[in-house]
Amino acid sequence: MRRILASVLLLTAFATGAHALDSGGTPVVVTPLASRTTTASGQPITLPRKNVQVLVSSYDIAPGATLPVHRHPFPRYAYVEAGTLKVTNVETGNSNTYKTGDFIVEMIGQWHQATNIGDGPVKLLVIDQVEEGAKNTELRQ
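Here is a short report on the structure shown in this document. (Residues numbered from 1 in each chain as written. Predicted model: local features only at pLDDT ≥ 70, side-chain atom pairs only at ≥ 80, totals over all residues. Heavy atoms only, no water.)

Time to look at the overall build of the protein chain. Along its length, the protein chain carries one helix and 11 strands. Reading the secondary structure of the protein chain in the N-to-C direction produces α-β-β-β-β-β-β-β-β-β-β-β. Looking at the protein chain as a whole, 26% of its 141 residues qualify as buried. Of the contacts made within the protein chain by residues no fewer than 6 positions apart, 71% connect residues no fewer than 24 positions apart. Surface exposure of the protein chain reaches about 9,000 Å², of which carbon and sulfur atoms provide 55%. (Helix = DSSP H or I, 4+ residues; strand = E, 2+ residues; numbered from the N terminus. Buried < 20%, exposed > 50% of the residue type's maximum accessible area, 1.4 Å probe, protein only. Contact = heavy atoms within 4.5 Å. Areas by Shrake-Rupley, 256 points an atom, 1.4 Å probe, with all protein chains shown as cover.)

Encoded structure:
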C-alpha cells in the first residue's frame, strides 16, 4: 500500500509542477506548460500517417515583421521564448496573441500569418511533425 501511495504522490508531483527527486536525491522541478487536444483554431490534433519525422527549429522575428500568408499540412508547435506574436487566421479573421512563455498549437491546413507586435524580437522554439522528407510550410501564391 505504501508503494502505491508513493507512486501516486510522485505522479502527482510531476503533474502539478511540484518538486520530485532524481535518482541521487537532487530536486527536479517539473512545470507543465501546456496540454492541448486541439489546434489554435479548434481542430483536433492529428499526426502524419506514415514515417513521422520531428523537425526542431528556432525562429527570430524582428519587431514589426509580418510573415507571409502560409499554412501547415502537418502539426506544428511553438514555444514563445521572448516577445509578442499575433497570429491571424486569414480565412476566418480570428486572431490570437501569444507572449513570452506561451505555447502555440498551430492550425493545420488553414491560411494564416503572424506579426511581431512587440518592441523586441520574437524568439520561438518550433517543433514540426511531418511525413519524412516533407516540408511543413506552404506559402500562398
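Read on, since the account is not over.
One pair of aromatic rings is described through two measures. These are the centre distance and the angle between the planes. Enumeration over the complete set of coordinates arrives at one aromatic pair. Plain terms: the ring middles of Tyr77 and Phe103 are 6.3 Å apart, the flat faces sit at 15 degrees to each other, and that makes the pair stacked. One end of the pair, Tyr77, is in strand S5 (residues 76–82); the other, Phe103, is in strand S8 (residues 103–105), with 26 residues separating them in the sequence. Taking the relative accessible area as the measure of exposure, Tyr77 reaches 14% and is therefore buried. For Phe103, a relative accessible area of 25% translates into the label partly exposed. Its guanidinium or amino end placed over the ring of Trp111, Arg140 lies 6.0 Å from that ring's centre, counting from NZ or CZ. (Phe/Tyr/Trp six-rings, centres within 6.5 Å; stacked < 30°, edge-to-face > 60°. Lys NZ or Arg CZ within 6 Å of the ring centre and 35° of its normal.)

The sheet contact formed by S5 and strand S10 (residues 122–131) spans six bridges and is antiparallel. Within the sheet, the bridge partner assigned to Tyr77 lies in S10 and is Ile127. Pairing between S5 and S8: three bridges, direction antiparallel. For Tyr77, the partnering residue across the bridge sits in S8 and is Val105. (Pairing = 2+ DSSP bridges.)

It is worth spelling out the sheet that holds strand S3 (residues 52–61) at this point. With respect to topology, four strands assemble into an open sheet ordered S3-S10-S5-S8, the strand pairing being antiparallel. Either end of the sheet is taken by a strand with one partner, and the two such strands are S3 and S8. Sheet twist, expressed as the average angle between the axes of neighbouring strands with direction ignored, equals 20 degrees. (Axes fitted to C-alpha atoms, helices over the stretch in contact; angles between N-to-C directions.)

On to the pattern of salt bridges. Any two side chains of opposite charge can pair, so long as their charged atoms come close to each other. Using the criterion set out here, one finds four salt bridges in the structure. Close ionic contact of Arg76 with Asp128 constitutes a salt bridge, the shortest N to O distance being 2.6 Å. On the criterion of sequence distance, the pair formed by Arg76 in strand S5 and Asp128 in strand S10 is long-range, its members being 52 residues apart. One salt bridge connects Asp102 with Lys99, and the closest N-O pair in it is separated by 4.0 Å. (Salt bridge = Lys/Arg side-chain N within 4 Å of Asp/Glu carboxyl O.)

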